[in-house]
Amino acid sequence: MPEPLADRFTPPREATLRRSGGDRRHPTYVAFVIHRVSGLLLALFLPLHFWALGQAISGEAALEGFLRWTDNALFKFAEWGLVVLLAVHLAGGLRVMALEFLGWRARQKDMVAASAGVAIAAAILFLLNVG
Amino acid sequence: MADLKVRIWRGDAEGGAFAEYAVPARENQTILDVVTQIQREQQPDLAYRFACRVGMCGSCAMEVNGRARWTCRTHVKRVASAGETLEIRPLANLPVIRDLATDMAPFFDKWARAGGKFQPKDAPDGAVPAEFAVVPPESKKRQAADAGIECIGCGVCYASCDIVAWNKDYLGPAAMNRAWTLVNDVRDGGNKERLDAVSGDAGCHSCHSTQSCTERCPKNLDPSSAIAGLKRTIFWDSLLGRR
């Protein structure tokens, strides 16, 4: 005997989400997200950077005071984070430039790994120098 | 025989929801086999699309467990471990006609908009040129065209592309891959209009090189590099005053 046919399906009026989560788990997508997030964080840092530079215009004492205020472990750590962001963004950007301008088609995943390697190396070198 | 649990998105352009089914689990079965079993034995009004069943026609692409795939070339055991529920939905980024069948018109309209039609240089009126063109197989341009020419228009890259989801006018990977093969076709004379068509916000300059298209292409083509090639060509042409 054949299986009974299921009832005619009527979709509910409230639409379910058409766009699924979408599987984006692959290295070049992760590289894109890291590049974008590091870029945004660097952009957020820029006003602070310019403000600190602006202290120099207010006179040597103001800058000196500010620099002394930043001379603690927390700031050193934040500075390290900044170096990491710069290294990540630079290495990721060079990768994209190589893809787009040089047309390097092959071994994109290796290039992602190499970019990550450059960023990690910069982070470690900075830590060694700070110590 | 153990059952394989399947969730299938059912509905139309107005909306829809998942319906659950169970099919007999077999040693060798593709996603298309599963959908066909459900349509033939349980749900005769289930809409889906297929033709060749062997990965040549490109009509059976759907989203399986979050990833756009050819259902005919995807074995169940490759995407779901024993006991896991399969989730099948229509391709993302395209309007749904009904259930698993999407309207591919926007996808192919964009091929046309990207200058995807061959424009013979020697016969601009569309006539067949009198002489055969000699294109050395080892020439750089021929190889660049060859790299993308095998696209069968299944829409997997288009459904996997975030830029398409963000910008509804974005031409998408397949259309620009097609444009790039023609840019490299020495017999073609329509590149000025073509490069204009693929530049700008809806074209190659919106690509973020996330490379999901390249990652997901069932033919292992590289639309991402084709788009990069278009960017490169337009960059140098603009810089050197060639356009």
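Quick caveat: nothing in here was measured; it's all calculated off a predicted structure.

What counts and how
- Residues numbered from 1 in each chain as written.
- Chains lettered and ligands numbered in written order.
- Predicted model: local features only at pLDDT ≥ 70, side-chain atom pairs only at ≥ 80, totals over all residues.
- Helix = DSSP H or I, 4+ residues; strand = E, 2+ residues; numbered from the N terminus.
- Contact = placed C-beta atoms within 7 Å.
- pLDDT = per-residue confidence, 0-100.
- Core = buried A, V, L, I, M, F, W, Y, C linked by C-beta atoms within 7 Å.
- Buried ≥ 20, exposed ≤ 12 C-beta atoms within 10 Å, placed from the backbone.
- Domains from an automatic or database assignment.
- Expected span 1.5 Å × (residues − 1).
- Bend = angle between axes of the 7 residues up to and from the residue.
- Pairing = 2+ DSSP bridges.
- Nonpolar A, V, L, I, M, F, W, Y, C, P; charged D, E, K, R; others polar.
- Axes fitted to C-alpha atoms, helices over the stretch in contact; angles between N-to-C directions.
- Parallel < 35°, antiparallel > 145°, perpendicular 65-115°, else oblique.
- Arc of directions from axis to C-beta.

Asks: Before we move on, can you summarise the overall build of chain B with the specific residues and values?
Replies: Looking only at helices and strands, one finds 10 helices and seven strands in chain B. Looking at chain B alone, contacts between residues at least 24 apart form 64% of all its contacts between residues at least 6 apart.

Asks: I'd like a description of the confidence of the model for chain B, backed by residues and values.
Replies: Residue and element names in this part refer to chain B. Mean pLDDT over chain B stands at 94; residues scoring 70 or higher make up 99%. Here helix H2 (residues 76-79) is the element of chain B with the lowest mean pLDDT, 92, and helix H7 (residues 173-183) is the one with the highest, 98. At the level of chain-chain contacts, confidence expressed as ipTM amounts to 0.84, with global pTM at 0.87.

Asks: Mind laying out the nonpolar core, listing which residues take part and the relevant values?
Replies: The nonpolar side chains of a soluble globular protein tend to be buried, and buried together. Residues and elements named next belong to chain B. Ile88, Met176, Ala179, Val198 and Leu230 are the most contacted members of the largest nonpolar core, which has 61 residues in total. Broken down by element, the residue count for this core peaks at seven residues, all from H7. Here this core spans two domains, and each of domain 1 (3-102) and domain 2 (105-239) adds at least three residues to it. Excluding its chain neighbours within four sequence positions, the residues that come into contact with Met176 are Ala114, Leu171, Val198, Cys204, Pro223, Ala226, Ile227 and Leu230.

Asks: I'd like to hear about unusual backbone geometry, residue by residue, with values.
Replies: Residue and element names in this part refer to chain B. Non-glycine residue Arg53 carries a positive phi angle of around 70°. On the secondary structure map, Arg53 appears in the loop between helix H1 (31-41) and strand S3 (61-64). Overall, Arg53 belongs to the partly exposed group, with 17 C-beta atoms counted inside 10 Å.

Asks: Please give an account of helix H1 (residues 27-57) of chain A that cites residues and values.
Replies: Residues and elements named next belong to chain A. With 31 residues, H1 extends 45 Å between its outermost C-alpha atoms, agreeing within 8% with the 45 Å of an ideal straight helix rising 1.5 Å per residue. Maximal helix bending in H1 amounts to about 30°, located at Phe45; proline Pro47 follows within four positions. Regarding H1, the residues found buried are Thr28, Tyr29, Ala31, Phe32, His35 and Ser38. At the C-terminal side of H1, Gly59 shows a positive phi close to 120°.

Asks: Describe the pairing of strand S2 (residues 15-24) of chain B, and please don't skip the residues or the numbers.
Replies: The two faces of a sheet get side chains in turn, since along a regular strand they alternate between them. Bridging between strand S1 (residues 3-12) of chain B and S2(B) involves 10 bridges; their strand directions are antiparallel. Looking at S2(B), one finds that Lys5(B) is bridged to Ala22(B).

Asks: Which residues make up the environment of Val37(A), and what values do they have?
Replies: Residues and elements named next belong to chain A. Relative to the helices and strands, Val37 resides in helix H1. Residue classification places Val37 among the partly exposed residues on the basis of 13 C-beta atoms within 10 Å. Along the sequence, Val37 and Leu85 sit 48 residues apart, while their C-alpha atoms lie 9.1 Å from each other.

Asks: Please set out the environment of Arg53(B) residue by residue, giving values where relevant.
Replies: In sequence terms Arg53(B) and Asp122(B) are 69 residues apart; their C-alpha atoms lie 39 Å from each other. For Arg53(B), the contacting residues outside a window of four places in its chain are Leu32(B) and Cys72(B).

Asks: Give a description of the domain arrangement of chain B that names residues and reports values.
Replies: Residues and elements named next belong to chain B. What the domain assignment lists for chain B is domain 1 (3-102) and domain 2 (105-239). A straight line from the C-alpha centre of domain 1 to that of domain 2 covers 30 Å. Listed by partner, the interface residues are 14 residues for domain 1 and 15 residues for domain 2. Going through the elements one at a time, S3 and strand S4 (67-70) are the ones with two or more residues in the side of domain 1 that touches domain 2. The leading source of residues in the side of domain 1 that touches domain 2 is S4, at four residues. Of the residues that constitute the side of domain 1 that touches domain 2, the class distribution is eight nonpolar, two polar and four charged.

Asks: Hey, could you go over the packing of helix H3 (residues 73-102) of chain A against helix H10 (residues 223-239) of chain B for me, with residue numbers and the actual values?
Replies: In a pair of packed helices, the angle between the axes and the distance between the axes together describe the arrangement. Look at H3(A) against H10(B): their axes get within 7 Å of each other, and the N-to-C directions meet at 70°. Classified by the interaxial angle, the pair formed by H3(A) and H10(B) is roughly perpendicular. In contact with Leu99(A), Glu100(A) and Phe101(A) of H3(A), H10(B) contributes Ala228(B), Lys231(B) and Arg232(B).

Asks: Explain the confidence of the model for chain A to me, and be specific about the residues and the numbers.
Replies: All names here are of chain A. Considering every residue of chain A, the mean pLDDT works out to 80; 81% of them sit at 70 or more. Across chain A, the secondary-structure element scoring lowest on mean pLDDT is helix H2 (residues 60-69), at 82, and the one scoring highest is H1, at 90. The low-confidence segment residues 1-5, where pLDDT is below 50, has four contacts with residues more than four positions distant or belonging to other chains. For residues 8-19, every residue scores under 50 in pLDDT, and the model assigns this stretch 20 contacts once sequence neighbours within four places are set aside.

Asks: Could you give an account of helix H4 (residues 140-148) of chain B, with specific residues and numbers?
Replies: All names here are of chain B. Along H4, the residues that are buried comprise Ala144, Ala145 and Gly148. Seen along its axis, H4 keeps its buried residues to an arc of 95°; they face one direction. Along H4, exposed side chains directed more than 90 degrees from the buried face belong to Gln143 and Asp146. Each element contacted by the buried residues of H4 is listed here: H7 and H10.

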